[in-house]
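# Structure assessment
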Amino acid sequence: MSYQHGSVESMDDMDQLCDEMENLTEMADVDDVPSALIIANIDISVFEDQSAQLTFENIFKELDKEVSFIYLKNFRRARLQFSSSDFASVARIRYDGVSICGQSIKCYFVQQVRQQNSDNTHLQPPAPQKMFLISPPASPPVGWEPVPETEPVINYDLLNAIARLNPGEIHEVHPPSVAAPAIVVHLCEDPEGYEPGKLRQKIMQTKRPEGGTS
């Protein structure tokens, strides 16, 4: 089925319309079918040319005279609100893929949010679940206990080996093996003229050259 700009095929075959509604009722629960459609991929002339817009609207008004239109030009889409979900279902089946004003349109049902409380028309928050992405946690988890700080570990063998090191001597820290070489420490001797406990020589300030003052 194809509809071109300026020519609209007649839609007065009520027997065929009733058959489509009956088949749709057998396939799905009508109460769950929305009464609104989103029409996508609409030709730009529908938004700019009044005659093209009337052609577009008449196609759906021949199915439901009470249908209303909300146009979204930037997205080349329109939202159609039908008087019942039956008309929306038939329009979804009949016009999906149909060429209107030279452009093949796509029809989608408007997604509706189920409300647990019918008296509340506001969007309900999601069901509370465990939050695993909070870092750090607001409070310690159940069963958490602080770990007591351990005492420092003192390696007396290492302290004894360091105490036995003498300047000018070679000390083998680790003997050689098949997998690793030996570790040998060479200690530097005391610098010449250095005496333990004696302060270093103070640097003398450079004397000002003698001469006349300016």
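Up top you'll find the structure we're talking about.
Residues numbered from 1 in each chain as written. Predicted model: local features only at pLDDT ≥ 70, side-chain atom pairs only at ≥ 80, totals over all residues. Heavy atoms only, no water.

## Observations concerning unusual backbone geometry
A positive phi is found at R76, a non-glycine position, where the angle reads about 55 degrees. Positionally, R76 belongs in the loop between β2 (68-72) and β3 (77-81). A relative accessible area of 31% means that R76 is categorised as partly exposed. Backbone geometry places C101, a non-glycine residue, at a positive phi of 55 degrees. One can find C101 in the loop between β4 (99-100) and β5 (103-104). (Helix = DSSP H or I, 4+ residues; strand = E, 2+ residues; numbered from the N terminus. Buried < 20%, exposed > 50% of the residue type's maximum accessible area, 1.4 Å probe, protein only.)

## Focus: the pattern of salt bridges
Any two side chains of opposite charge can pair, on the condition that their charged atoms come close. Scanning the entire structure with this criterion turns up three salt bridges. One salt bridge in this structure joins E48 and K73, with 3.8 Å as the shortest N-O distance. With a gap of 25 residues between them, E48 in helix α2 (residues 45-48) and K73 in the loop between β2 and β3 connect regions that are remote in the sequence. For the salt bridge of E57 with K61, the shortest nitrogen-to-oxygen distance reads 3.8 Å. Of this pair, E57 and K61 both sit in helix α3 (residues 50-61), four residues apart, which is roughly one turn of the helix. (Salt bridge = Lys/Arg side-chain N within 4 Å of Asp/Glu carboxyl O.)

## Observations regarding a nonpolar patch on the surface
A cluster of nonpolar residues, I70, L72 and F75, forms a patch on the protein surface that exposes about 310 Å² of accessible area. Along the chain, the position of I70 falls in strand β2. The exposure class assigned to I70 is partly exposed, which follows from its relative accessible area of 46%. (Patch = residues over 30% accessible without salt bridge, like charges linked within 9 Å, V, L, I, M, F, W, Y side chains within 5 Å. Areas by Shrake-Rupley, 256 points an atom, 1.4 Å probe, with all protein chains shown as cover.)

## Here we look at the sheet that holds β3
With antiparallel pairing, four strands are arranged side by side in an open sheet as β2-β3-β1-β6. Every other strand in the sheet has two partners, leaving β2 and β6 (106-109) as the edge strands with one partner each. Strand-to-strand twist in this sheet, taken as the mean axis angle between neighbours without regard to direction, amounts to 25 degrees. Sheet topology note: the strand β1 (residues 36-40)/β6 ladder contains four bridges and is antiparallel. When the bridges of β6 are listed, L37 appears paired with F109. Against the sheet, α3 engages β1, β2 and β3, with an angle of about 140 degrees to β2. Contacting β1 and β6, helix α4 (residues 85-95) crosses the sheet at an angle of about 150 degrees to β6. (Pairing = 2+ DSSP bridges. Axes fitted to C-alpha atoms, helices over the stretch in contact; angles between N-to-C directions. Contact = heavy atoms within 4.5 Å.)

## With respect to the packing of aromatic side chains
Under the criterion given, the structure shown has seven aromatic pairs. Centroid distance F60 to F69: 6.4 Å. Interplanar angle 65 degrees. Geometry classified as edge-to-face. When sorted by exposure, F60 lands in the same class as F69, which is buried. Members of the aromatic cluster, each reached through a chain of ring pairs, are F47, F56, F60, F69, Y71 and Y95. (Phe/Tyr/Trp six-rings, centres within 6.5 Å; stacked < 30°, edge-to-face > 60°.)

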